Amino acid sequence: MSEQHSFQAETQQLLNILIHSLYTEKEIFLRELISNASDALNRLQFEMLTNDDVQDPQADLEIHIEFDEEAKTLTVSDTGIGMNRAEIMAGLGTIAKSGAKAFIEAMRERPESAAAIIGQFGVGFYSAFMVAKQVDVISRSFRPEDEAVKWSATGGTNYTLETAEKDLRGTEVVVHLKDDEEEFTRGFRIKDIIRRHSDYVAFPIFVGDDEEPANKQQAIWRRAPSEVEDEEYDSFYRMLTMDFAGASHHIHMRADVPMQFYALLFIPGSGQQNMFSPRSEPGLKLYARKVLIEEYNRDLLPEYLSFVQGVVDSEDLPLSVTRESIQATRVMASLKRTITRRVLSELKRMAKNDRDKYLTLFQEFGAYLKQGLVIDTEDRSDLEPLMFFQTTHDDDPSAFHTLDDYVERMSENQDDIYYVVADDYASGSRSPHLDAFRQRGIEVLYFTHPVDAMLPMGLADFKGRKLVSVDSAELDLEDVGAAPEQEESAQAGLGLDSLAALTERVKAILGARVSDVRDSKTLVGSPARLVSEDDSSNRYMYRINRLLDKDYELPVKALELNPRHPLMHNLSGMIAGGGDAGLIDTVVEQVFETALLQDGIHPDPSSMAERLTLLMQAATGSASADLDFADVKTVISEPAPAETPQIDLGDLDVEDGEERPTPP
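A. The packing of aromatic side chains, seen in detail. Across all of its chains, the model carries 19 aromatic pairs by this definition. Look at Phe 307 and Phe 365: their rings are 4.4 Å apart centre to centre, the planes differ by 15 degrees, and that puts the pair in the stacked class. Taken together, the residues span a long stretch of sequence, with Phe 307 in the loop between strand E12 (291-297) and strand E13 (309-314) and Phe 365 in helix H9 (residues 355-375) at a distance of 58 residues. Summarising the burial analysis for this pair, Phe 307 and Phe 365 share the class buried. Through successive ring pairs, a cluster of aromatic residues spans Tyr 200, Trp 221, Phe 236, Tyr 237, Phe 266 and Tyr 287.

B. Structural detail: the pairing of strand E16 (residues 417-421). Counting buried positions along E16 yields five of five residues, so the element is predominantly enclosed. Sheet topology note: the E16/strand E19 (residues 465-469) ladder contains three bridges and is parallel. Residue pairing in the sheet places Tyr 419 in a bridge with Ser 469 of E19. Across three bridges, the pairing between E16 and strand E17 (residues 445-447) is parallel. Residue pairing for E17: Val 421 is matched across the bridge by Phe 447.

C. Local environment of the sheet that holds E19. The mixed open sheet is built from four strands, whose spatial order is E17-E16-E19-E18. The sheet terminates laterally at E17 and strand E18 (461-462), the two strands that pair on one side only. In the sheet, E18 pairs with E19 via two bridges, with the strands oriented antiparallel. Pairing of Asp 461 across the sheet is with Lys 466, part of E19.

D. Broad picture of the nonpolar core. Core analysis: the largest hydrophobic core is formed by 103 residues, its most contacted members being Leu 305, Ile 339, Tyr 358, Leu 369, Tyr 418 and Leu 559. With 10 residues, H9 is the single largest residue contributor to this core. Not counting the four nearest positions on each side in its chain, Leu 559 is found in contact with Val 506, Leu 510, Val 514, Asp 516, Val 517, Arg 518, Ala 528, Arg 529, Leu 530 and Ala 595. In this structure, Ile 28, Phe 29, Leu 92 and Phe 203 belong to the second largest nonpolar core, which totals 40 residues.

E. Examining the sheet that holds strand E3 (residues 73-78) more closely. Ordered in space as E1-E6-E5-E4-E7-E3-E2-E8, the eight strands form an open sheet in which the pairing is mixed. Every interior strand has two partners, whereas the edge strands, strand E1 (3-6) and strand E8 (205-207), have only one. Between one strand and the next, the sheet's axes are offset by a mean angle of 15 degrees, whatever the strand orientation. Across the sheet, helix H2 (residues 28-48) lies against strand E2 (63-68), E3, strand E7 (170-177) and E8, angled at about 20 degrees from E3, the strand it touches most. Across the sheet, helix H3 (residues 85-92) lies against E1, strand E4 (132-140), strand E5 (149-153) and strand E6 (158-163), angled at about 160 degrees from E6, the strand it touches most.

F. The environment of Thr 594, seen in detail. By the element assignment, Thr 594 lies in helix H18 (residues 581-598). Residues Thr 594 and Met 608, 14 residues apart in the sequence, show an inter-C-alpha distance of 9.1 Å.

G. Region of interest: the packing of H18 against helix H19 (residues 609-619). Two elements in contact, H18 and H19, have axes separated by 11 Å at closest approach and are oriented at 125 degrees. In this view, H18 runs oblique relative to H19, as classed from their interaxial angle. Handedness of the H18/H19 crossing: left-handed. On H19, the residues touching Leu 583, Thr 586, Val 587, Glu 589, Gln 590 and Glu 593 of H18 are Arg 611, Leu 612, Leu 615 and Ala 618.

H. Highlighting the pattern of salt bridges. Across all of its chains, the model carries 43 salt bridges by this definition. Of the charged contacts in the structure, one is a salt bridge between Glu 3 and Arg 85, with a shortest N-O distance of 3.3 Å. A residue pair is termed long-range when its members are at least 10 positions apart, and Glu 3 in strand E1 and Arg 85 in helix H3 qualify at 82 residues. On the accessibility criterion, Arg 85 (25% relative accessible area) is partly exposed. For the salt bridge of Arg 518 with Asp 516, the shortest nitrogen-to-oxygen distance reads 3.0 Å. Asp 516 sits in the partly exposed class, given a relative accessible area of 23%. A single network of salt bridges, built from pairs that share partners, joins Glu 504, Lys 507, Asp 516, Arg 518, Arg 529, Glu 533 and Glu 560.

Reading the values: the criteria
- Residues numbered from 1 in each chain as written.
- Predicted model: local features only at pLDDT ≥ 70, side-chain atom pairs only at ≥ 80, totals over all residues.
- Heavy atoms only, no water.
- Phe/Tyr/Trp six-rings, centres within 6.5 Å; stacked < 30°, edge-to-face > 60°.
- Helix = DSSP H or I, 4+ residues; strand = E, 2+ residues; numbered from the N terminus.
- Buried < 20%, exposed > 50% of the residue type's maximum accessible area, 1.4 Å probe, protein only.
- Pairing = 2+ DSSP bridges.
- Core = buried A, V, L, I, M, F, W, Y, C linked by side-chain atoms within 4.5 Å.
- Contact = heavy atoms within 4.5 Å.
- Axes fitted to C-alpha atoms, helices over the stretch in contact; angles between N-to-C directions.
- Parallel < 35°, antiparallel > 145°, perpendicular 65-115°, else oblique.
- Left-handed = near helix turned anticlockwise from the far one by under 90°.
- Salt bridge = Lys/Arg side-chain N within 4 Å of Asp/Glu carboxyl O.

What follows is the structure in structure tokens.
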């Protein structure tokens, strides 16, 4: 005899919230039903450890999925623990309890707290109503004396209960599909969902009349690493990413304390996005007891390790009811710390023991690690040993050195670590800022990757030694390194009066485009250089903004002139002798823009072509009076503000000069 029961008035509202707000893909209803079936089988296994008096003790523990295209039904059945009348009312009627009203009230007040609140409701089963016009549940408890019962509902305000005919222990969920959901009566579609969401459920899942399970059952990450062959790792990685070039490294983790979890992580061989990869977003696949919870979980690793691919499976992870998101708990935070420490430890071990392999990896993903050095200050001590740089030590673009390597080779009386920021190695190696360092045998780091401009913000010092840019106006190398030898052919510096006249003329020509003009104590072979009087950590923000195609202004720097350089002597002589004013102005403009070019910050280098042509004409014999220097355009004509636009480093994810999307 059928009994009709009424849900509370709030039930329909609650169903709408669960169906429309918490689930993003309809197909996951099948994942939920399979997960419930797996839970029922697990519970029976546990029961049978201490109780032999169960219904059908010899029945195989398995899950079956049947479909009927004509009747438009999908049935998921298991041989698990089953339910009696009281249990089915309590289990499937959870949302009919008074807590439903409290849940809805909480959602109205704080809708963003759904993931934290909803865990108290057992509503994963109700996702079936996304595709169903009616759901029937026929179940028989493991207790031999209990009779079978049928529960039926249409998603409205009522459900019915009645005695059913069912001999075998377990539960059948019959989904009567809506008219437009016939895709879920096709075997290949069902198998595809199983493969993507439930492939590693521990019990066999049979679809239709197939004699072979549709799922693999044995998760590779749950096996002991000693039992897994390299070919199996390669095969799993290819299946996960469709990257047939293979991974450069894998990390297989198993832990029982302080929590039980398994992880299999891969570092790809290339940082380039594989166009065929199903992994369209950063994040790890997150499983709970071999059931997929999140396809792209971004909370298990910091953003700077987002290039890592793989799977994490936890036995202790508390889940929200939807299984699409996890509750923010101390367990997750602990899991993240443990996995992050292991990945960093593995990278440090590789950098120390297999430098060539690590450098290959660093070439692909070093930009991510450098961002971590800036953004995640808590991990700084772990990230510093992972930093490698080209340096002036050997002037070999293929050679890379650690910060420890640099410190071991520091020159006499050297307290600071010096670096030069440039667009690439070639331009950095020709920087006029390096004159004095090469002369004194002081090593300099090359910061030449597009993201290296960020490093001074997070790497202000290393082991108590300050990092100083070679373009700093406050450089004092007088007692550092080897004393420079005086060359007999070296030209004497300008006299005080001549130098003063030269600097005043240059100031008048350049105006607000420079903060000052003065003589240089460090230049050797170059006529001039631009120096930064701002030693703050964000002095290179204009480079970052330019990299991200954001609005930026050139920084206002001081121009240092080399009073020993022949060009400065020639200019001084022209000024003293009343030479062609147009030519003098043009040469000064070219000196300034050449310094911009050497620093890699000239906004439009091709604009110098016309001026250079005129200067070459003058140098090859044309009388300056015959050349119209006034018509040569000056590109850097407007003073730039002292402050550059700022960006949020938390939103920055840059590699190889391109802006990349970042996890929300």
